[in-house]
Amino acid sequence: MNNPWDCIIVGGGAAGLSAALVLGRARRRTLLVDAGEQSNRMAEGIGGLLGHDRRPPEALYRAGRDELAAYPSVEVRGGHVVGVIDGGGTFDLELDDGSREQARRVLLATGMDYRFPEVPGVAQRWGRSVFHCPFCHGWEVRDRPLGVLDRGALAVQRALLLRFWSDDVTLLTNGAADLGSGDLDRLQPAGVVLEERVVGALRGPGSTLEAVAFTDGGERRCEGLLVAVTLHQRSTLATQLGARIAEPGPVAAEAVAIDTMFRTSIPGLFAAGDVGTQSPSVATAVAAGSTAAAAIVHDLLPRPTHSAP
Ligand SMILES: Cc1cc2nc3c(=O)[nH]c(=O)nc-3n(C[C@H](O)[C@H](O)[C@H](O)COP(=O)(O)OP(=O)(O)OC[C@H]3O[C@@H](n4cnc5c(N)ncnc54)[C@H](O)[C@@H]3O)c2cc1C
């Protein structure tokens, strides 16, 4: 541990790989440790990423890792970072194989745990016919009967939004809806059907969705289901270091608080991608990783010395 890395990046999804590319091109000694569980890995394609629209996620991550091979100062390692200690000027990291590494800067690009409603049948269709983001998946289910499973504050907004992709949209509140007359006034003219029956299961083979089944025995045709998610920290590293967590937002319940240069509240610790945003997407993760890496390179410059007067 005598020769610390300039930066250790924890996580090799869109944010981490993008950061590693910028750090490698800046000739900074960089170790990227990745457990290989990118949040969108079960999706058929990445929707809405310029130059890579509908490309399978794994193909993008493979291409990112291949590009890094051109930069000798970057090492990519599989595994989990399980522990981190702030040594004051450097960080000591412990990997799950028992090895230890030291770094002058750490970039958390660990992604988030997307928690979806615990309705039977959602998990097996997650990222396919059940999705959280119409911008990512709406095109693939356009013009089909669609549903929104939500009764939170944004349920009406989500149902109206989904109308851009289909004329046949049902808002499934999974129990009595708590909507005001203003909400109903917005749904009815848009042709959104309000369905308050309790959802018992999703029907359809494999990851395909054909219908929503209610506990009263009825069914409604539905081939794509938008669900509300909340994003939670998937790694404890930020809290191990005592980094400030932002107030809960509409999407991320516990994003790491960052400034515009992706600095956390802990000097030398940066965070990029889903881990610190309310706007998760592959494009924003790529941009965040790139900007964070440039900020880290600047942060590695020697500090001005002040001689005593
Ligand atoms: C099902 C689904 C489908 C989606 N579809 C789209 C889409 O079509 N278009 C779009 O723009 N966005 C989509 N998104 C959102 C998008 O996938 C994310 O915003 C983006 O992947 C975030 O990138 P990231 O690098 O921050 O995190 P991730 O891609 O999640 O990568 C984080 C990486 O860090 C690793 N990691 C975590 N903890 C550790 C640790 N302690 N040690 C080592 N490694 C660790 C993980 O294993 C993972 O490989 C989708 C999300 C989901 C859940």
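If you're wondering where the values come from, they're calculated on a predicted model, not measured in any experiment. (Residues numbered from 1 in each chain as written. Predicted model: local features only at pLDDT ≥ 70, side-chain atom pairs only at ≥ 80, totals over all residues. Heavy atoms only, no water.)

J.: I'm lost on the pairing of strand E15 (residues 224–227) in this one. Help?
T.: Along a regular strand, successive side chains alternate from one face of the sheet to the other. Across the two faces of E15 the burial is the same, with Gly224 and Leu226 and Leu225 and Val227 all buried. For strand E8 (residues 130–131) and E15, the ladder comprises 2 bridges, and the chain directions are parallel. Looking across to E15, one finds that Val130 is bridged to Leu225. Of the pairings in the sheet, the one linking strand E9 (residues 146–149) to E15 comprises 4 bridges and is parallel in character. In the sheet register, Leu149 faces E15, and the bridge partner there is Val227. (Buried < 20%, exposed > 50% of the residue type's maximum accessible area, 1.4 Å probe, protein only. Helix = DSSP H or I, 4+ residues; strand = E, 2+ residues; numbered from the N terminus. Pairing = 2+ DSSP bridges.)

J.: Looking at this structure, how should I read empty space enclosed by the protein?
T.: Leftover empty space is mapped by rolling, across the atoms, a probe with the size of a water molecule. Summed over the entire model, instances satisfying the criterion amount to 1 cavity of 30 Å³ or more. The computed volume of the largest cavity comes to approximately 40 Å³. If you go around the largest cavity, the residues you meet are Leu146, Gly147, Thr170, Leu172, Val212, Arg220, Arg221 and Cys222. Within the residue set of the lining of the largest cavity, elements represented by two or more residues are E9, strand E10 (169–172) and strand E14 (219–221). Taken together, the residues that form the lining of the largest cavity break down as 4 nonpolar, 2 polar and 2 charged. (1 Å grid on protein atoms, 1.4 Å probe; cavity = no way out; pocket = protein on both sides within 12 Å on 5 of 7 lines; lining within 4 Å. Points joined across faces, edges and corners; volume = space filled by probe spheres on them. Nonpolar A, V, L, I, M, F, W, Y, C, P; charged D, E, K, R; others polar.)

J.: How do you make sense of the site of the ligand when you look at a structure like this?
T.: In the vicinity of the ligand, 39 residues are found, and the nearest of them are Asp34, Glu37, Gly47, Val81 and Asp274. Arg234 is positioned such that a nitrogen or oxygen atom in its side chain is 3.3 Å from an oxygen atom of the ligand. Between Ser281 and the ligand, the recorded distance is 3.0 Å, taken from a backbone N or O atom to an oxygen atom. The protein chains hide 98% of the 1000 Å² of surface that the ligand would expose on its own. Secondary structure elements with two or more residues in the shell around the ligand: helix H1 (14–25), strand E2 (30–34), helix H4 (134–137) and helix H8 (282–299). Counted by class, the shell around the ligand contains 17 nonpolar, 18 polar and 4 charged residues. (Near = heavy atom within 4 Å. Polar contact = N/O pair within 3.5 Å; in protein donor to acceptor, adjacent residues only side chain to side chain. Areas by Shrake-Rupley, 256 points an atom, 1.4 Å probe, with all protein chains shown as cover.)

J.: Help me out: how do you make sense of the sheet that holds E14 in this one?
T.: Hydrogen bonding along the main chain pairs the strands of a sheet, whether they run parallel or antiparallel. Pairing is antiparallel in the open sheet, where 3 strands are placed in the order E12-E13-E14. Of all strands in the sheet, those with a lone pairing partner are strand E12 (199–203) and E14, marking the two edges. Recorded for the sheet is a direction-independent mean angle of 20 degrees between the axes of neighbouring strands. As paired strands, strand E13 (residues 211–214) and E14 are joined by 3 bridges and run antiparallel to one another. (Axes fitted to C-alpha atoms, helices over the stretch in contact; angles between N-to-C directions.)

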